[in-house]
Amino acid sequence: MEFALFCTKVNILILILALCSPCKFIQSPMDFGPSNLLETKSSASLDFGRIVFNSPSAVLRPQSPRDISLLLTFLSASSFSKVTIAARGAGHSIYGQAQALDGIVIEMDSIPSDIYIHKKRDDGSGFSYADVGGGALWVELLEESLKHGLAPRSWTDYLYLSIGGTLSNGGISGQTFKYGPQISNVLQLDVVTGKGDLITCSPTSSSELFYAVLGGLGQFGIITRARILLQDAPQKVKWIRAFYDDFDTFTGDQELLVSMPELVDYVEGFIVPNEQSLLSTSVAFPVHLGFMPEFHHVSSAKVYYCIEFAVHDFQAEGTSAEQVVEKISKQMSYMPSLMYSVEVSYFDFLNRVRMEEMNLRSRGLWEIPHPWLNMFVPKSGIKEFKDLLLENISPNDFEGPILIYPLLRDKWDANTSVPLPDAPTGGDGVEQVVYIVGMLRSANPASCAAGCLDDILRRNRRIAEAASAGRIGGKQYLAHHPSLLHWRDHFGRHWNRFAARKNLFDPLGVLAPGQGIFPRVH
Ligand code: FAD
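Going by the annotation in an unreviewed UniProt entry, the name recorded for the chain is cytokinin dehydrogenase, with Musa acuminata subsp. malaccensis given as the source organism. Listed under Sequence similarities (unreviewed entry) in UniProt, the entry text for the chain is "Belongs to the oxygen-dependent FAD-linked oxidoreductase family." Among the UniProt annotations of the chain, the heading Cofactor (unreviewed entry) holds the following wording: "FAD".

Structural data, given as structure tokens:
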């Protein structure tokens, strides 16, 4: 185990001395090399959001789950009453969720990420699955499983996220309507609990821990290994975009697509508020769009909508993906002739955001603040939520995509820790369709300085609060809340279960302080 020490806080120092006999520690810049130390220090207090910067006292680079277990066992049995611990996957949180102010950050990528692929039997019985380390990236799992003609079923849009990081949240993309989120596609986990116990859990063994950890915001344990379901991977994908100028028609077609899982493999969509958004979202879509929409009307700004869906090439036996798309598109109501399609490899399709990343990096627009807001919105509130969003942004200069697409509630396991929105007040029971809306805004310092960023964050909070209350009935995904009261509201009727699980698996509140839910117990 390697330990980088950043400040001489007495308790952390004693902790290191107490632990150092069986392991290798790096206690000073001399041991570690000053540049490495600084790099590690800054990376542990940095995330994709670039809004919160909490420095830890130490960074641990474990070589095995046992190192993590040793540390947590020690902390829970000792009087190091203020030390907190955050696992850090790829650090792609927005609001410091993987940071630990004056605590210890565990860099999960230091555990060797061997990936083992298990194929189902030749007679077709059993499951194909992968055993993969919690700190490995989804792109690594994709690359390895494709060598066997296999791939996970459910994805996020961006693949340079860690297995443990997305399983702690949910993991959503255009396949979620069909297979559920990534947390619905896990067979087994190895977890080190807040008490230091190293436990293998599944739906049938230590199931309370298994479900607690899935979507559990890192509160109950650290995922050191996951068993992920795999399926046969297609070679190619037919990738389609269709444009709309009417919101009801747009969502009507999205809901039509998710009602055809036997034909459709992926469904997303986004709002097109300005020309720039059309260009930037097209970076990874290698086709010339003959679409030059008019965004300015005499009295108001006009916005457009785009559905993105995909069909795997081997999908319908005896029928080509082309024919499947033709069959589907006949039932859709997009603007005349505004449907475009490309055929790309499965890997390139799944890795499409990487191309946008490279483009933004080359323009210095990747490592900038990202005041993102993600919300689940029940179908009955989606139009009102869209209006609320558009009232609160200036369509002319909005930078970044605004994703909006439907998910199906019955693909989520209610035993996991993710709280989906309840049926809205006055609604008629639980709605099957829930939209995910991601306002993935960039705040370019060249045009949006500190005051402007604060203003966006205030607006986000207003939108989230207005959408959580009353008729819309939304709930944040990748939530960020300012107080315990807000968190209780967030979990609603699931709060008691969430708090009881915390008490069971991390009673001292050591883990994931950056989420700001539970205080450290002294
Ligand atoms: P980190 O930021 O490192 O950690 C997040 C939280 O999980 C922290 O609380 C941390 O302590 C905890 N954690 C990390 N590793 C572990 C572990 N091994 N065990 C237990 N807890 C752990 N999300 C989607 O669902 N769909 C998307 O399409 C999507 N696209 C994205 C695109 C981009 C460009 C970015 C930046 C984010 C995107 N996200 C998406 C959000 C992403 O899933 C979350 O931010 C996720 O937490 C990122 O994983 P990470 O490894 O970076 O987590």
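### A few points about the site of the ligand
Looking at the ligand, there are 36 residues lining it, with Gly89, His92, Ser162, Gly164 and Gly165 nearest. Listing elements by their share of the shell around the ligand, those giving two or more residues are β3 (85-88), α6 (163-167) and β10 (221-232). In the shell around the ligand, the residues fall into 14 nonpolar, 19 polar and three charged.

### Thoughts on the sheet that holds strand β16 (residues 402-408)
One key point about sheets: their strands pair by backbone hydrogen bonds, in either a parallel or an antiparallel sense. The eight strands lie next to each other as β14-β11-β13-β12-β16-β17-β15-β18, forming an open sheet whose pairing is antiparallel. Where the open sheet ends on each side, the last strands, each with one partner, are β14 (339-345) and β18 (475-477). Between one strand axis and the next, the sheet turns through 25° on average, direction left out of account. Relative to strand β13 (residues 304-312), helix α9 (residues 247-258) is tilted by about 15°, and along the sheet it contacts β11 (236-244), β12 (266-272), β13, β16 and β17 (433-439).

### Side note on unusual backbone geometry
The phi angle at Ser206 is positive, at roughly 45°, despite the residue not being glycine. Examined against the element boundaries, Ser206 turns out to sit in the loop between β9 (198-201) and α8 (207-213). A positive phi is found at Ala512, a non-glycine position, where the angle reads about 50°. Take Ala512: it is sitting in the segment after α17 (495-505). Assessed through the 27 C-beta atoms surrounding it within 10 Å, Ala512 is described here as buried.

### Regarding the nonpolar core
Core analysis: the biggest nonpolar cluster contains 119 residues, and Ile106, Val213, Val377 and Val437 have the highest contact counts within it. Considering each element in turn, this core owes the most residues, seven residues, to β13. Beyond its immediate chain neighbours, meaning those up to four positions away, Ile106 contacts Leu60, Pro62, Ile68, Ile85, Ala87, Arg88 and Ile222.

### Concerning α17
Every buried residue of α17 is accounted for by Phe498, Arg501, Lys502 and Phe505. All buried residues of α17 fall inside an arc of 105° around its axis, so they share one side. Opposite the packed face of α17, turned more than 90 degrees from it, sit the exposed residues Asn496, Ala500 and Asn503. As for α17, its buried residues are in contact with β8 (186-193), α8, β10 and α16 (484-491).

### Considering the packing of helix α14 (residues 382-391) against helix α15 (residues 450-468)
Between α14 and α15, the shortest axis-to-axis distance is 11 Å and the interhelical angle comes to 160°. Taken together, the axis directions place α14 and α15 in an arrangement best described as roughly antiparallel. Seen along the crossing, α14 lies across α15 with a hand that is right-handed. On the side of α14, the interface is formed by Phe385, Leu388 and Leu389, while α15 contributes Ile463, Ala466 and Ala467. For the contact of α14 with α15, a count of residues per class yields six nonpolar, no polar and no charged.

### Considering the environment of Asn351
With respect to the helices and strands, the residue Asn351 is situated in the loop between α12 (346-350) and α13 (352-362). On the basis of neighbour counts, which here come to 21 C-beta atoms within 10 Å, the residue Asn351 falls in the buried class. In sequence terms Asn351 and Ser202 are 149 residues apart; their C-alpha atoms lie 29 Å from each other. Residues within four places of Asn351 in sequence aside, it is in contact with Val139 and Leu159.

### Brief notes about the domain arrangement of the chain
Entries for the chain in the domain assignment read domain 1 (2-108 + 505-515), domain 2 (116-232) and domain 3 (236-477). With five residues of domain 1 at the contact, the number on the domain 3 side is five residues. When the residues that make up the side of domain 1 that touches domain 3 are grouped by side-chain class, the tally is three nonpolar, one polar and one charged.

### Concerning the environment of Leu365
The topology assignment puts Leu365 in the loop between α13 and β15 (373-378). Since 16 C-beta atoms lie within 10 Å of it, Leu365 is described here as partly exposed. When the C-alpha positions of Leu365 and Ala443 are compared, they lie 8.9 Å apart, and in sequence the two are 78 residues distant. With residues up to four places along the chain from it excluded, the contact list for Leu365 reads Leu360, Ser442 and Asn444.

### Some details on the confidence of the model for the chain
The predicted structure's coordinates, where accompanied by low pLDDT, should not be read in detail. Taken residue by residue, the chain gives an average pLDDT of 90. The fraction at 70 or more is 89%. Residue range residues 6-11 is modelled with pLDDT below 50. Its contacts to residues more than four positions away, or to other chains, number 12 contacts. Every residue in residues 20-39 is under pLDDT 50, and counting partners more than four places away or in other chains gives 22 contacts. Reported for the predicted complex are a pTM of 0.93 and an ipTM of 0.99.

### Points about helix α4 (residues 65-76)
Spanning 12 residues, α4 covers 17 Å between terminal C-alpha atoms, matching the ideal 16 Å at 1.5 Å per step. Those residues of α4 not exposed but buried are Asp67, Ile68, Ser69, Leu71, Leu72 and Leu75.

### Here's the deal with the environment of Ile85
Relative to the assigned elements, Ile85 resides in strand β3. Residues Ile85 and Pro513, 428 residues apart in the sequence, show an inter-C-alpha distance of 7.0 Å. With residues up to four places along the chain from it excluded, the contact list for Ile85 reads Leu72, Ala100, Gly103, Ile104, Ile106, Val510 and Leu511.

What counts, and where the lines are drawn
Residues numbered from 1 in each chain as written. Predicted model: local features only at pLDDT ≥ 70, side-chain atom pairs only at ≥ 80, totals over all residues. UniProt positions renumbered as here; feature names shortened; annotations may be inferred. Near = placed C-beta within 6 Å. Helix = DSSP H or I, 4+ residues; strand = E, 2+ residues; numbered from the N terminus. Nonpolar A, V, L, I, M, F, W, Y, C, P; charged D, E, K, R; others polar. Pairing = 2+ DSSP bridges. Axes fitted to C-alpha atoms, helices over the stretch in contact; angles between N-to-C directions. Contact = placed C-beta atoms within 7 Å. Buried ≥ 20, exposed ≤ 12 C-beta atoms within 10 Å, placed from the backbone. Core = buried A, V, L, I, M, F, W, Y, C linked by C-beta atoms within 7 Å. Arc of directions from axis to C-beta. Parallel < 35°, antiparallel > 145°, perpendicular 65-115°, else oblique. Left-handed = near helix turned anticlockwise from the far one by under 90°. Domains from an automatic or database assignment. pLDDT = per-residue confidence, 0-100. Expected span 1.5 Å × (residues − 1).

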